[in-house]
Amino acid sequence: PVVWALHSDATQLYAPGTAASPGLERVAEDGNPMPLAMALSTNAEVSNSGVANTPVGAGTPGPAMPGDVYTFTVTPNAAHPMLSFVSMIVPSNDTFLATPPAGISLYDAGGTLRSATDIEADLQAMISAWDAGTEANQAGAGGRDQAPRQSGPDVGAEELPVGIVGPATADPVWTYPEPVDVVRVTITRE
């Protein structure tokens, strides 16, 4: 699932070099969006947030498989100009796909709503893979502690140092494809 938020520039969903929040850990390790979604719903710097967890055309929530689409609608405002989202990369121990830590601004420096084309281009170019640093990585997409094989939530060995968010590209165990090769973002104005 994708956890998304519209927020001020005074908040962010994660911060590289710092401990992962409990909500981010649940998304990154288990694909569970609810703890992060609940935390965002009570954050005064967030105007609205939500979870996209049912692929278009599917009757029930589930992971996005190749060709699947998640969709969500945001209503931006100048006081909360930043759009952020995170989603687990499956299979992995604790890797997530996300906008930059501060998000993507939906407004230009003059306070005007940016074009859908410009926002889409920024999102496509700036989405990155991150390691939550909360669970030791297992190589080859075959680890027993990786979703969807894991026996339950939060079952893997802790990564040391514990909970330090960093780029997934620094992972010495295995590499991930570039986000631009696995996800496409489309913005439609209503």
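Located above this text is the structure these notes cover.
Attention in this report is confined to the structure presented alongside it.

Conventions adopted
Residues numbered from 1 in each chain as written. Predicted model: local features only at pLDDT ≥ 70, side-chain atom pairs only at ≥ 80, totals over all residues. Heavy atoms only, no water. Helix = DSSP H or I, 4+ residues; strand = E, 2+ residues; numbered from the N terminus. Buried < 20%, exposed > 50% of the residue type's maximum accessible area, 1.4 Å probe, protein only. Contact = heavy atoms within 4.5 Å. Areas by Shrake-Rupley, 256 points an atom, 1.4 Å probe, with all protein chains shown as cover. Core = buried A, V, L, I, M, F, W, Y, C linked by side-chain atoms within 4.5 Å. Phe/Tyr/Trp six-rings, centres within 6.5 Å; stacked < 30°, edge-to-face > 60°. Arc of directions from axis to C-beta. Pairing = 2+ DSSP bridges.

1. Digging into the overall build of the chain
Stage number 1. In terms of helices and strands, the chain carries 3 helices and 7 strands.
Stage number 2. Secondary structure elements of the chain, listed N to C terminal, follow the sequence β-α-α-β-β-β-β-α-β-β.
Stage number 3. Relative to its 190 residues, the chain shows a buried fraction of 44%.
Stage number 4. Of the contacts formed within the chain by residues at least 6 apart in sequence, a portion of 71% connects residues at least 24 apart.
Stage number 5. Split by element, the accessible area of the chain, about 9,600 Å² in all, is 57% carbon and sulfur.

2. Topic: the nonpolar core
Stage number 1. Among the nonpolar cores identified, the biggest contains 18 residues, and Val-2, Leu-83, Phe-85, Leu-106, Leu-123, Ile-127 and Val-185 are the most heavily contacted of them.
Stage number 2. Counting only elements with at least two residues in this core, the list comes to β1 (2-7), β3 (82-88) and α3 (116-126).
Stage number 3. Residue contacts for Phe-85: discarding those within four places in its chain leaves Val-2, Val-3, Trp-4, Leu-13, Phe-72, Leu-97, Ala-98, Thr-99, Leu-123, Ile-127 and Val-185.
Stage number 4. Judged by nonpolar contacts, the second largest core, of 17 residues, contains Ala-20, Leu-24, Ala-98 and Trp-130.

3. Examining the packing of aromatic side chains
Stage number 1. The full count for this structure, using the stated rule, is 4 aromatic pairs.
Stage number 2. Taken together, a centroid distance of 5.1 Å and an interplanar angle of 5 degrees make the contact between Trp-4 and Phe-72 stacked. Taken together, the residues Trp-4 in strand β1 and Phe-72 in the loop between β2 (46-52) and β3 connect sequence positions 68 residues apart.
Stage number 3. One aromatic cluster is present, formed by Trp-4, Phe-72 and Phe-85 through successive ring pairs.

4. Observations concerning the side chain of Thr-99
Stage number 1. Among the secondary structure elements, Thr-99 is positioned in the loop between β4 (95-98) and β5 (104-105).
Stage number 2. Owing to a relative accessible area of 1%, Thr-99 belongs among the buried residues under this scheme.
Stage number 3. Apart from the residues lying within four places of it in its own chain, the contact partners of Thr-99 are Tyr-14, Leu-83, Ser-84, Phe-85, Ile-104, Leu-123, Met-126 and Trp-130.

5. Here we look at helix α2 (residues 34-41)
Stage number 1. Of the residues making up α2, those classed as buried are Leu-36, Ala-37 and Leu-40. Looking straight down α2, one finds its buried side chains confined to an arc of 100 degrees; they lie on one side.
Stage number 2. Where α2 is buried, its residues contact β1, α1 (22-30), β2 and β3.

6. Observations concerning the pairing of β1
Stage number 1. Burial runs high along β1: 6 of the 6 residues are buried.
Stage number 2. Burial of β1 is two-sided: the residues Val-2, Trp-4 and Leu-6 facing one way and the residues Val-3, Ala-5 and His-7 facing the other way are all buried.
Stage number 3. Here β1 runs beside β2; their pairing, made up of 6 bridges, is antiparallel. Note on β2: the bridge partner recorded for Val-2 is Ala-52.
Stage number 4. Sheet topology note: the β1/β3 ladder contains 6 bridges and is antiparallel.

7. Comments concerning α3
Stage number 1. Among the residues of α3, those classed as buried are Ala-116, Ile-119, Leu-123 and Gln-124. Here the buried residues of α3 occupy an arc of 130 degrees about the axis, which is enough to place them on one side. Opposite the buried face of α3, by more than 90 degrees, sit the exposed residues Thr-117 and Ala-125.
Stage number 2. Residues of α3 that are buried make contact with β3 and β5.

8. Some details on the environment of Ile-187
Stage number 1. The topology assignment puts Ile-187 in the segment after β7 (166-167).
Stage number 2. A sequence separation of 71 residues divides Ile-187 from Ala-116, and the C-alpha atoms of the two residues are 5.5 Å apart.
Stage number 3. If we skip the residues at most four places from it in the chain, Ile-187 touches Ala-116, Ile-119, Glu-120 and Leu-123.

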